[in-house]
Amino acid sequence: MATIGVLIETEDGNVKDTNFGVLTAARGQGDGTIVALMMDGSAEEAKGSLEKYGATKVVQVSVDGADLDASPDLKARALAAAIENFNLDVLLGLASAQGRDLFARLAASMDLPLASDCVALDLAAKTVKKSHFSGKTFATVKMSGSVMLCAVRPNAVEAQEAPAEAAVESFAAAVQDPGLVRVVDVKKETIDNVDLTEAAVIVTGGRPIASADNYKILDECARLLGGATGASRAAVDAGFAPHPMQVGQTGKTVSPRLYIGCGLSGSVQHFAGMKTSKVIVAINTDKDAPIFEKCDYGIIGDLFEVVPVLTEVLKEKL
Ligand SMILES: Cc1cc2nc3c(=O)[nH]c(=O)nc-3n(C[C@H](O)[C@H](O)[C@H](O)COP(=O)(O)OP(=O)(O)OC[C@H]3O[C@@H](n4cnc5c(N)ncnc54)[C@H](O)[C@@H]3O)c2cc1C
């Protein structure tokens, strides 16, 4: 039976909600020990939320006197030391920008197999299902090696609570910084939006949105649902939205619980980025639009009429 580690990501010191789906994926797949590894934030503060989703140990990983955020290689080395110290058979984490970077360094430094963008896992069989070719296909991949490294697509596994008792520990890794790369500055996206790749709800506007200002109609609806606003490439190319909002083959890959597409034709390139959404709702004036073949619920109507009504209803109900 495997001992499973989960690398926890935080934002502004708080545990991101998307970690809970990864903890859920880890549960029931090993010997019952789930080690949550934290390299930022506070293990003491995170304990309550992590044990609610099944973590049995929460470990603060550090390197004496070092700023791990400034050296991605040092961070990977510290994580490698933690894997060895806690005898992990598997390490799971988020396939976020940070997770993809760190897991790739870890796999290279430890010469271990890595599967990124996983949407389903069978750790006993050492297989994972992962997205391939911009989401056009899914591959089931068999992994070998002493430790499996898997980065899981945010929201791909639905978070389910399973309360456990977690002990908190500290682990100071005795590792050296190879000094190859140093982060000197970090610039965050300036758009006032929840991170698209981790949002549980996304309201996306296509070409007919017609102006940057009109996105406010979608923003209001998305905010009420605690979600983010996205855009199609046609809308981005027309200058109505910045590229960080683009969903699709050449934009972001997302997997929210609810995806509301407003004025999207349903192109394969757009679907490449959002087809693993749990529920897809389409609003389109054309009853023959291809998107109606691919959605769970379709509304034939003008987004400028439908979305404001939806927003008013949400205001009443929420
Ligand atoms: C290599 C490559 C990569 C690409 N990558 C991406 C990508 O990452 N993301 C992406 O989105 N696209 C991508 N594209 C572009 C893609 O092929 C489509 O052109 C694009 O997705 C179309 O955007 P759209 O659905 O917003 O616009 P349109 O195709 O113009 O569709 C608009 C839809 O809105 C409906 N409509 C019109 N008015 C209203 C209204 N008032 N209310 C409701 N519905 C209305 C219309 O009936 C129509 O179905 C890529 C293309 C290529 C070749």
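These figures come from a predicted structure and were not determined experimentally. (Residues numbered from 1 in each chain as written. Predicted model: local features only at pLDDT ≥ 70, side-chain atom pairs only at ≥ 80, totals over all residues. Heavy atoms only, no water.)

Draft legend 1. Here's a closer look at the environment of Gly226. Here Gly226 shows up in the loop between helix 5 (215–224) and strand 13 (228–231). The spatial distance from the C-alpha of Gly226 to the C-alpha of Ala200 is 7.8 Å, given a sequence separation of 26 residues. (Helix = DSSP H or I, 4+ residues; strand = E, 2+ residues; numbered from the N terminus.)

Draft legend 2. How the structure looks around the site of the ligand. Taken together, 26 residues sit near the ligand, with Arg207, Ser232, Thr250, Ser265 and His270 positioned nearest. Separating a nitrogen atom of the ligand from a side-chain N or O atom of Thr250 is a distance of 2.7 Å. The separation between an oxygen atom of the ligand and a polar main-chain atom of Gly263 is 3.3 Å. When the free accessible area of the ligand is taken as 990 Å², the share hidden by the protein chains comes to 73%. Listing elements by their share of the shell around the ligand, those giving two or more residues are helix 6 (233–237), helix 7 (268–271) and strand 15 (279–284). (Near = heavy atom within 4 Å. Polar contact = N/O pair within 3.5 Å; in protein donor to acceptor, adjacent residues only side chain to side chain. Areas by Shrake-Rupley, 256 points an atom, 1.4 Å probe, with all protein chains shown as cover.)

Draft legend 3. Looking closely at the environment of Thr3. Here Thr3 lies in the segment before strand 1 (4–8). Residue Thr3 is classed as buried on the basis of its relative accessible area, which comes to 13%. Residues Thr3 and Val90, 87 residues apart in the sequence, show an inter-C-alpha distance of 6.7 Å. (Buried < 20%, exposed > 50% of the residue type's maximum accessible area, 1.4 Å probe, protein only.)

Draft legend 4. Region of interest: the domain arrangement of the protein chain. In terms of domain boundaries, the protein chain breaks down into domain 1 (4–172) and domain 2 (196–317). Centre-to-centre, using C-alpha coordinates, domain 1 lies 30 Å away from domain 2. The largest contributions to the domain 1 side of the interface with domain 2 come from Ser134, Arg153 and Asn155, which together make up 45% of the buried area. Joining domain 1 to domain 2, the criterion identifies one salt bridge. Across the pair Glu198 and Lys16 runs a salt bridge, and its minimum N-O distance is 3.0 Å. Counting the contacts that link domain 1 with domain 2 gives six residue pairs in polar contact (both at pLDDT 80 or more). Each residue belonging to the side of domain 1 that touches domain 2 can be placed in one class, and the counts come to four nonpolar, five polar and four charged. (Domains from an automatic or database assignment. Buried area = accessible area lost by both parts, 1.4 Å probe. Salt bridge = Lys/Arg side-chain N within 4 Å of Asp/Glu carboxyl O. Nonpolar A, V, L, I, M, F, W, Y, C, P; charged D, E, K, R; others polar.)

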